[in-house]
Amino acid sequence: MMLYNNIKNAESQFHREPNSVQLLAVSKTQSSQKIREIWREGQCTFGENYLQEALIKISELKDTNIEWHFIGAIQNNKTRKIAENFSWVHTIEQEKTAQRLNDQRPENLPALNICIEINLDHEKTKSGIHLSNQYESNRLFWLVEKILTMPRLKLRGLMSIPELSENTDKQRAKFATLRCVLDQLNAQFNLSLDTLSIGMSQDYVAAIAEGATIVRIGTALFGEREV
Ligand SMILES: *Cc1c(COP(=O)(O)O)cnc(C)c1O
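Everything quoted here is computed from the prediction, not taken from an experiment. (Residues numbered from 1 in each chain as written. Predicted model: local features only at pLDDT ≥ 70, side-chain atom pairs only at ≥ 80, totals over all residues. Heavy atoms only, no water.)

A. Here's a closer look at the packing of aromatic side chains. Applying the stated criterion across every chain yields a total of three aromatic pairs. With a centroid separation of 6.1 Å and an interplanar angle of 45 degrees, the aromatic rings of Phe 46 and Trp 68 are classed as tilted. Note that Phe 46 is positioned in strand 2 (residues 45–48) and Trp 68 in strand 3 (residues 67–70), a separation of 22 residues in sequence. By relative accessible area, which is 0% here, Phe 46 ends up buried. (Phe/Tyr/Trp six-rings, centres within 6.5 Å; stacked < 30°, edge-to-face > 60°. Helix = DSSP H or I, 4+ residues; strand = E, 2+ residues; numbered from the N terminus. Buried < 20%, exposed > 50% of the residue type's maximum accessible area, 1.4 Å probe, protein only.)

Here it is in structure tokens:
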């Protein structure tokens, strides 16, 4: 498939290790049948945004080895189903949500992989922890500290959905900021967080250039979503 080649080419163009970038297929609004087709071609990780929609597909695709990632906004009354049905959650920004997922993660499953969502833009409305002021930056360090005490969660790294910019350098600069924050966390807490979940259909090449390890792609894989 062309997308896989594009990812390979970007890895080599930007001197990334071969296979260091994983494609997360974002399957919101796509049918179970369509997901199954892509899974048969070898794609094993899928990302979903809406819990109710995801639970139906997860149940219809129980016979597959698909690894499910939750990448949507989390309401605290929905954490149990997320803890029971997903391997990864990319959108953590509050201690309370993390604590609930930790407490609700079933014993028979491995620890839930977690990314903290960072807001790299300045609009107040978007989700994620802002780094533009000291209070929020401190909140990030404090949240990391808390999550590290939660045995049923495994902190893996950072996720972001920056506003798209026409200018590739600007887009890269935002992604580079996130990579620096990850390095800072690793240094400060003596960790080896290995995940930067950045890059979507429009900007995944810039994200790969700046160290993405998971690119979350919907449209460029499935075609335009019907709304
Ligand atoms: C929809 C979505 C994507 C994929 O977007 P495309 O532009 O279709 O590739 C990635 N990440 C998140 C969080 C999304 O909601």
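B. The arrangement of the site of the ligand in detail. Surrounding the ligand, one finds 13 residues, the nearest of these being Lys 28, Asn 49, Ser 201, Thr 219 and Arg 225. A distance of 2.8 Å separates an oxygen atom of the ligand from a polar backbone atom of Gly 218. Here an oxygen atom of the ligand sits 2.5 Å away from a polar atom, N or O, in the side chain of Thr 219. Its free accessible area being 390 Å², the ligand has 90% of it covered by the protein chains. (Near = heavy atom within 4 Å. Polar contact = N/O pair within 3.5 Å; in protein donor to acceptor, adjacent residues only side chain to side chain. Areas by Shrake-Rupley, 256 points an atom, 1.4 Å probe, with all protein chains shown as cover.)

C. Molecular detail of helix 5 (residues 95–104). When we look at burial in helix 5, the residues that qualify are Thr 97, Ala 98, Leu 101, Asn 102 and Gln 104. Those residues of helix 5 that are buried are in contact with helix 4 (79–85), strand 4 (88–92), strand 5 (112–119), helix 6 (134–148) and strand 7 (153–160). (Contact = heavy atoms within 4.5 Å.)

D. Geometry of the pattern of salt bridges. Applying the stated criterion across every chain yields a total of 10 salt bridges. Here Glu 136 makes a salt bridge to Arg 139, at a shortest N to O gap of 3.1 Å. With Glu 136 and Arg 139 both in helix 6 and three residues apart, the pair spans about one turn of that helix. Overall, Glu 136 belongs to the buried group, its relative accessible area being 13%. One continuous salt-bridge network, built from bridges that share partners, spans Glu 48, Glu 53 and Lys 57. (Salt bridge = Lys/Arg side-chain N within 4 Å of Asp/Glu carboxyl O.)

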